[in-house]
Amino acid sequence: MKGAKNNAQKRGSMIRVGIIGATGYAGNELVRLLLGHKEAEIVWYGSRSYIDENYADIYRNMFQLVDAKCMDDNMEQLANQVDVIFTATPQGLCASLVNEEILNKVKIIDLSADFRLKDVHIYEDWYKIEHKAPQYIDEAVYGLCEINRNQINENTRIIANPGCYTTTSILALYPMIKEGIINPYSIIIDAKSGTSGAGRGAKVQNLFCEVNENMKAYAVGTHRHTPEIEEQLGYACAKNDIKLIFTPHLVPMNRGILVTAYADLAKDVVYEEVKQIYDAYYQNEYFIRVLDKDVCPETRWVEGSNFVDINFRIEPRTHRLIMMGALDNLVKGAAGQAVQNMNLMFGFKENEGLMMAPLFP
């Protein structure tokens, strides 16, 4: 049993949480979720951009809910005060900060891509930066709870928290690849995201006039989530050479991911057979909802929640399977999944702090 859980147990109190990158969209979502968590207390809010500013002045939704100032994100100093650190930061920052001394004190749940890919050369090729802590890549657990739950426990020191596109794509496709229903070399993924997925930083392409009344593909053939999806789906079928087409699109809404994936069928199947497979994989997964026949996933029915809605359609004319998934990119696609991972690491109920129903309208 590692030190973080021991320390919390010795105190006989809630675990203490620190957030680096607390003023980004995913960071603010972490704050929202953790405020409702019965077993966790936020001790500090790290932000290099807003040092010594009141958190509630940056996010007015936290007025009279958070009475704290943002602090410099010095991980080494702040690790002495907490049991777990969430890093909701750009790629490269977590890897540049983490070291053995820190990992002996706290658990790290990293929302960036620093530890998601097991091949450091692929990471450096796609992200165009040098990896600063390759020695921890093998140790880090890819925190897709519904697939890797058995690897996430009190002995886990680093979680590589999956992103929104990858979570939706993998969960929609995984059972079909694992059971040999589709040809893993024929996959095409069409994905659409709300603008919060691009972060809170000021960018011309994310201005209202650039996004409103518009829809566009971006990073066509070059999106950095592509090798992550390929790697994880490769584990499902024990192949390391899967290549797929992944095309993301930006749509004028705040939240949401919708994935529509296509693949050639590897065998003749009927609806009941495919549905039985999805049910077998996900019927005991609280946060995955396999929808009824002919009901397509929609982002509005998962907004503000940690749920993933999944369904499929067999296309007999082209002998293909169409797989669909929807989630909230800031919750199950980021902060909610991170809290879910924390719950598993500390032995809490997996849905603690995540019981909210989707928002509508």
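In case you missed it, the structure is sitting above this.
Residues numbered from 1 in each chain as written. Predicted model: local features only at pLDDT ≥ 70, side-chain atom pairs only at ≥ 80, totals over all residues. Heavy atoms only, no water.

Under the defined criterion, the tally for this structure stands at 14 aromatic pairs. A ring pair is formed by Tyr278 and Phe312, whose centres lie 5.5 Å apart and whose planes are at 15°; its orientation type is stacked. Residue Tyr278 is found in helix α12 (residues 271–282), and its partner Phe312 is found in strand β13 (residues 308–315); the two are separated by 34 residues along the sequence. The two residues Tyr278 and Phe312 agree in class, both being buried. Centroid distance Tyr286 to Phe307: 5.7 Å. Interplanar angle 35°. Geometry classified as tilted. Linking Tyr286 in the loop between α12 and β12 (288–290) with Phe307 in the loop between β12 and β13, this pair joins segments that are 21 residues apart in sequence. A relative accessible area of 11% places Phe307 in the buried class. (Phe/Tyr/Trp six-rings, centres within 6.5 Å; stacked < 30°, edge-to-face > 60°. Helix = DSSP H or I, 4+ residues; strand = E, 2+ residues; numbered from the N terminus. Buried < 20%, exposed > 50% of the residue type's maximum accessible area, 1.4 Å probe, protein only.)

Attention now moves to the nonpolar core. Counting residues in hydrophobic clusters, the biggest one holds 43 residues, and the most contacted among them are Phe86 and Met342. If one sorts the elements of this core by residue count, helix α13 (residues 331–346) sits on top with 9 residues. Not counting chain neighbours up to four residues away, the residues in contact with Phe86 comprise Val17, Gly18, Ile19, Ile20, Leu30, Leu34, Ile109, Leu111, Ala338, Val339 and Met342. The next biggest cluster of nonpolar side chains, apart from the first, holds 42 residues, and it includes Leu173, Tyr271, Tyr282 and Phe312. (Core = buried A, V, L, I, M, F, W, Y, C linked by side-chain atoms within 4.5 Å. Contact = heavy atoms within 4.5 Å.)

Inspection of the secondary structure puts Ala88 in the loop between β4 (84–87) and α5 (93–97). By relative accessible area, which is 18% here, Ala88 ends up buried. Sequence separation between Ala88 and Ser305 is 217 residues, and the spatial gap between their C-alpha atoms is 19 Å. In this structure, Ala88 is in contact with Ile20, Gly21, Ala26, Gly27, Leu30 and Leu111, ignoring residues within four places of it in sequence.

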